[in-house]
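Next come the chains, spelled out residue by residue.
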Amino acid sequence: MAQDHIGGIIVSSFEAAGRTASVSRTTNETDITLKLNVDGTGVSELETDVPFLNHMLDLFTKHGHFDLSVKAKGDIEIDDHHTVEDIGICLGQTLREALGDKRGIKRYASVFVPMDEALAQVVVDISNRPHFEYRAEYPSGQVGSFDTELVHEFLWKLALEARITLHVIVHYGQNTHHMIEAVFKALARALDEATSIDPRVTGVPSTKGVL
């Protein structure tokens, strides 16, 4: 069990078994329980106060062949920022816990996904070195009530807590919804490939002998 105290009482607890992990995180701003199975079948159970994020997490789960359960309540009367950010934190933490010592994984992936007129690319390295690069310009600042700047917050916190190198590039597009959807689908497929087991890999895929 790990405990963290930032700006109030924050309690985070982990459970991990196989390539699954769960985390509970309670702060003065959010209350989140999240469970991830890396080797799932694309089943999602999502209860958050942010409908657009529910949509993105649902397709992320489906296209990554993960199983994902999220129950989240947040201070959306202020805005969606804390809820989206903290779900990204929890997803990153469970991904890191579920992968353990990363023995046998492919580690790298680069995926392009089109969504009608939009094209997104996600490149990932399960590196234990958190880094995030983001190249995206959206025609609209909102999709419905969802602020598009929150895509950056979600992805950055995911990369930081999962300790992965993540590059996200939206090459072009005209519809903001399509562009963000392409990002989440590409993210799912890249993580699915990078975390998959390669029978040719002995130990971890690094000359250092550890990731």
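Quick look at the structure, then. (Residues numbered from 1 in each chain as written. Predicted model: local features only at pLDDT ≥ 70, side-chain atom pairs only at ≥ 80, totals over all residues. Heavy atoms only, no water.)

Things to note about the pairing of strand 3 (residues 20-26)
In this structure, strand 3 lies alongside strand 4 (residues 30-37), joined through seven bridges in antiparallel fashion. Counterpart to Ser-22 in the pairing with strand 4 is Lys-35. Connecting strand 3 to the antiparallel partner strand 4 that follows it, the hairpin turn spans three residues. (Pairing = 2+ DSSP bridges. Helix = DSSP H or I, 4+ residues; strand = E, 2+ residues; numbered from the N terminus.)

Points about helix 3 (residues 149-162)
Quick reminder: α-helices carry 3.6 residues per turn. Residues three or four places apart thus point the same way. Its 14 residues place the ends of helix 3 20 Å apart at the C-alpha level, agreeing with the 20 Å of an ideal helix rising 1.5 Å per residue. Every buried residue of helix 3 is accounted for by Leu-150, Val-151, Glu-153, Phe-154, Leu-155, Lys-157, Leu-158, Ala-159 and Ala-162. Each element contacted by the buried residues of helix 3 is listed here: helix 1 (51-64), helix 2 (81-99), strand 9 (131-135), strand 11 (146-147), strand 12 (165-172) and helix 4 (176-195). Of the residues trailing helix 3, Arg-163 is marked for its positive phi of about 60°. (Expected span 1.5 Å × (residues − 1). Buried < 20%, exposed > 50% of the residue type's maximum accessible area, 1.4 Å probe, protein only. Contact = heavy atoms within 4.5 Å.)

Examining the environment of Arg-103
On the secondary structure map, Arg-103 appears in the loop between helix 2 and strand 7 (108-115). Residues within four places of Arg-103 in sequence aside, it is in contact with Ile-197, Gly-203 and Val-204.

What about the nonpolar core?
Counting residues in hydrophobic clusters, the biggest one holds 62 residues, and the most contacted among them are Leu-34, Phe-154 and Leu-155. The dominant element in this core, judged by the number of residues it contributes, is helix 4, at eleven residues. When neighbours within four sequence positions are excluded, Phe-154 is seen to be in contact with Leu-53, Leu-57, Val-84, Ile-87, Gly-88, Leu-91 and Phe-184. (Core = buried A, V, L, I, M, F, W, Y, C linked by side-chain atoms within 4.5 Å.)

Observations regarding unusual backbone geometry
A positive phi angle, close to 65°, is found at Asn-128, a residue other than glycine. With respect to the helices, strands and loops of the structure, Asn-128 is situated in the loop between strand 8 (118-125) and strand 9. Residue class for Asn-128 comes out partly exposed when judged on its relative accessible area of 24%. The phi torsion at Arg-163 lies on the positive side, around 60°, for a residue other than glycine. Tracing the backbone shows Arg-163 in the loop between helix 3 and strand 12.

Section: the pairing of strand 12
Alignment of strand 8 against strand 12, held across seven bridges, turns out to be antiparallel. When the bridges of strand 12 are listed, Val-124 appears paired with Leu-166. As defined by bridge partners, strand 9 adjoins strand 12 across five bridges and the pair is classed as parallel. Paired with Tyr-134 across the bridge in strand 12 is Val-168.

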